[in-house]
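The primary structure of each chain is shown beneath.
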Amino acid sequence: MDVQKYKILYKEGEAEISEKKSRFIAHIAPAQTEEEAQAFIEKIKKQYWDARHNCWAYSIGEKQPALRCSDDGEPSGTAGKPMLEVLTGQELHNVVAVVTRYFGGILLGTGGLTRAYSNTALASIENGKIISGVCNGFAKHYGINVWLLRIIWILCSAFLGAGLLAYALSAV
């Protein structure tokens, strides 16, 4: 049986770091569609309306995900792209991340910005709840709808714990 593993964000995460007097505040959330991702981005922009930058990235879908990002006025490639690389590097799907920056008066340079946005996004993932699961091969083998299997996975992991459920499914 061909088992395909996947990771999804089950619970939103937040993190904040300071770098040379600038504050970076990250929020990460699950999103099933680009519309949900854009709605989350707008929610964070309204929450932090007075911030200098609200940079974002998202990955929606699995086989050929929609990958989008924005530097929101930061130098090109220093915010959105590094955040997107964190999401794809963590192999997360159906997720959106927004990092808000309050400028502290000291320029960080392109390397400093890239590190700050990447580290803040990664910290928000660590503060969220990730569920690793199995999907397509298991579903195909047993004739179960993939989305139904994911719903079952989320419900069972909430009650049994993801580790116990993964052990039980690996024995099948």
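In this text, all values refer to a predicted model and were calculated from it rather than measured experimentally. (Residues numbered from 1 in each chain as written. Predicted model: local features only at pLDDT ≥ 70, side-chain atom pairs only at ≥ 80, totals over all residues. Heavy atoms only, no water.)

*Asks:* Outline the overall build of the protein, listing residues and values.
*Replies:* What the protein contains, in helices and strands, is six helices and eight strands. Going from the N terminus to the C terminus, the protein shows its helices and strands as β-β-β-α-β-β-α-β-β-α-β-α-α-α. Counting all 172 residues of the protein, 44% fall into the buried class. Contacts in the protein between residues at least 24 apart in sequence constitute 67% of all its contacts with a sequence separation of at least 6. Counting every atom, the protein has about 9,300 Å² of accessible surface; 54% of that belongs to carbon and sulfur. (Helix = DSSP H or I, 4+ residues; strand = E, 2+ residues; numbered from the N terminus. Buried < 20%, exposed > 50% of the residue type's maximum accessible area, 1.4 Å probe, protein only. Contact = heavy atoms within 4.5 Å. Areas by Shrake-Rupley, 256 points an atom, 1.4 Å probe, with all protein chains shown as cover.)

*Asks:* Describe the nonpolar core, naming the residues involved and giving the relevant values.
*Replies:* Of all hydrophobic cores here, the largest spans 21 residues; its most connected members are F24, I28, M83, L87, V99 and Y117. Looking at this core, the elements with two or more residues in it are strand 3 (22-30), strand 4 (53-60), helix 2 (80-89), strand 7 (95-102) and helix 3 (109-127). The element best represented in this core is helix 3, accounting for five residues. When near neighbours in sequence (up to four residues on either side) are disregarded, Y117 contacts F24, H53, C55, E74, T78, A79, M83, V99 and R101. Ranked by size, the runner-up nonpolar core spans 16 residues in total, among them I25, I44, V96 and Y102. (Core = buried A, V, L, I, M, F, W, Y, C linked by side-chain atoms within 4.5 Å.)

*Asks:* Run through the side chain of S22, naming residues and quoting values.
*Replies:* Structurally, the position occupied by S22 is in strand 3. A residue is classified by how much of its surface remains accessible, and S22, at 0% relative accessible area, is buried. Aside from chain neighbours lying at most four places away, what touches S22 is I17, R101, Y102, F103 and G104.

*Asks:* Residue-level account of the sheet that holds strand 7, with values.
*Replies:* Strands sit in the order 2-3-7-4-5 across an open sheet of five strands; the sheet is antiparallel. Sheet topology places strand 2 (13-19) and strand 5 (66-70) at the edges, where each strand pairs with a single neighbour. In this sheet, neighbouring strand axes are inclined to one another by 10 degrees on average, regardless of whether the strands run parallel or antiparallel. Taken together, the eight bridges between strand 3 and strand 7 define a ladder with antiparallel strand orientation. Bridged to I25 within strand 7 is T100. Running over the sheet, helix 1 (residues 34-47) touches strand 3, strand 4, strand 5 and strand 7 and is turned about 160 degrees from strand 4. Together, strand 2, strand 3, strand 4 and strand 7 form the strand contacts of helix 3, whose direction differs from that of strand 2 by roughly 150 degrees. (Pairing = 2+ DSSP bridges. Axes fitted to C-alpha atoms, helices over the stretch in contact; angles between N-to-C directions.)

*Asks:* I'd like a description of the environment of I44, backed by residues and values.
*Replies:* By secondary structure assignment, the location of I44 is in helix 1. Classification of I44 as buried rests on a relative accessible area of 1%. C-alpha of I44 to C-alpha of H27: the two residues are 17 residues apart in sequence and 8.0 Å apart in space. Those residues in contact with I44 that lie beyond four places of it in its chain are H27, N54, V98 and T100.

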